[in-house]
Amino acid sequence: FRHPIDNSKRTIDNSAMCRSIKKLRNNEVPATAEEVQAAALQFPFRAQAVAGLLVSMRNTRELHQNLDWMRLPVPNNLWDDLEFSGLVRVPKAMA
């Protein structure tokens with residue numbers, strides 16, 4: 001699995017992104033939409049080197065939604081499923 005963002009060119013690999021989305025839609029990674037959103041926001045904090053996260057929001061509704069997703073517990077088996085499916089890679093320090 002290639003990461004969909006190539007930092008050397010600052011481009012997005014749409015085919016890798018589409019494969020990842022297809023895996024989620026085909027329930028290869030069973031999760032609710034809320035769990036997926038929460039995992040997306042919380043994933044950077046799984047690395048010890050991350051101290052903060054900037055998230056873009058257009059209004060207070062999005063602010064409150066993001067806060068809810070940050071508070072939502074992400075099941076450990078979801079992290080395992082995301083890693084096993086190739087959708088995320090766990091940094092070596094966390095493995």
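Heads up: these notes are all about the structure in this document. Only a predicted model underlies this, so the values are computations on that prediction, with no experimental measurement involved.

1. Side note on the environment of P44
Part 1 of the argument: Mapped onto the secondary structure, P44 falls in the loop between α2 (33-42) and α3 (60-71).
Part 2 of the argument: The residues contacting P44, other than those within four sequence positions of it, are V50 and L53.

2. Quick word on the pattern of salt bridges
Part 1 of the argument: Applying the stated rule across the entire model yields 2 salt bridges.
Part 2 of the argument: E62 serves as the salt-bridge partner of R58, at 2.7 Å between the closest nitrogen and oxygen.
Part 3 of the argument: The partner of R71 in a salt bridge is D68, with the nearest N and O atoms 3.6 Å apart. A residue pair is termed a helical-turn pair when its members lie 3 or 4 positions apart in one helix, as R71 and D68 do in helix α3 at 3 residues.

3. Structural notes on the environment of P30
Part 1 of the argument: Summarising the element assignment, P30 is placed in the loop between α1 (14-25) and α2.
Part 2 of the argument: The class for P30 is exposed, based on a relative accessible area of 52%.
Part 3 of the argument: Each C-alpha atom of the pair P30 and N77 lies 9.5 Å from the other, and the pair is 47 residues apart in sequence.

4. Let's talk about the nonpolar core
Part 1 of the argument: With 10 residues, the main nonpolar core is built from A38, A39, L41, W69, V74, L78, W79, L82, L87 and V88.
Part 2 of the argument: The contacts of A38, once residues within four sequence positions are left out, are W69, L72 and V74.

5. Some points on the packing of aromatic side chains
Part 1 of the argument: This model, assessed by the stated rule, comprises 1 aromatic pair.
Part 2 of the argument: Ring centres of F43 and W79 lie 6.1 Å apart, and the angle between their planes is 40°; on these two criteria the pair is classed as tilted. You can see F43 sitting in the loop between α2 and α3 and its partner W79 sitting in helix α4 (residues 76-84), a full 36 residues away along the chain.
Part 3 of the argument: Residue class for F43 comes out partly exposed when judged on its relative accessible area of 26%.

6. Looking at the environment of Q65
Part 1 of the argument: Tracing the backbone through its elements, the reader meets Q65 in helix α3.
Part 2 of the argument: Judged by relative accessible area, which is 29%, Q65 ranks as partly exposed.
Part 3 of the argument: The spatial distance from the C-alpha of Q65 to the C-alpha of Q37 is 9.8 Å, given a sequence separation of 28 residues.

Conventions adopted
In this numbering scheme, every chain counts its residues from 1 along its sequence in written order. The predicted origin of the model limits local features to residues at a pLDDT of at least 70 and limits the giving and counting of side-chain atom pairs to 80 or more, whereas totals for whole chains, interfaces and linings rest on all residues. Side-chain metrics rest on all non-hydrogen atoms present in the structure, leaving aside hydrogens and water. Secondary structure counts use DSSP, requiring at least four H or I residues in a row for a helix and at least two E residues in a row for a strand, with both numbered from the N terminus. We call two residues contacting when some pair of their heavy atoms lies within 4.5 Å. A pairing counts as a salt bridge when a side-chain nitrogen of Lys or Arg comes within 4 Å of a carboxyl oxygen of Asp or Glu. Burial classes follow relative accessibility: with a 1.4 Å probe on protein chains only, a residue under 20% of its type's maximum area counts as buried, one over 50% as exposed, and anything between as partly exposed. We define the nonpolar core as a collection of buried residues of types Ala, Val, Leu, Ile, Met, Phe, Trp, Tyr and Cys that are connected through side-chain atoms lying within 4.5 Å of one another. Between the rings of Phe, Tyr and Trp (Trp by its six-membered ring), a pair exists once the centres lie within 6.5 Å; its type follows the angle of the planes, with under 30 degrees stacked, over 60 edge-to-face, and the other angles tilted.

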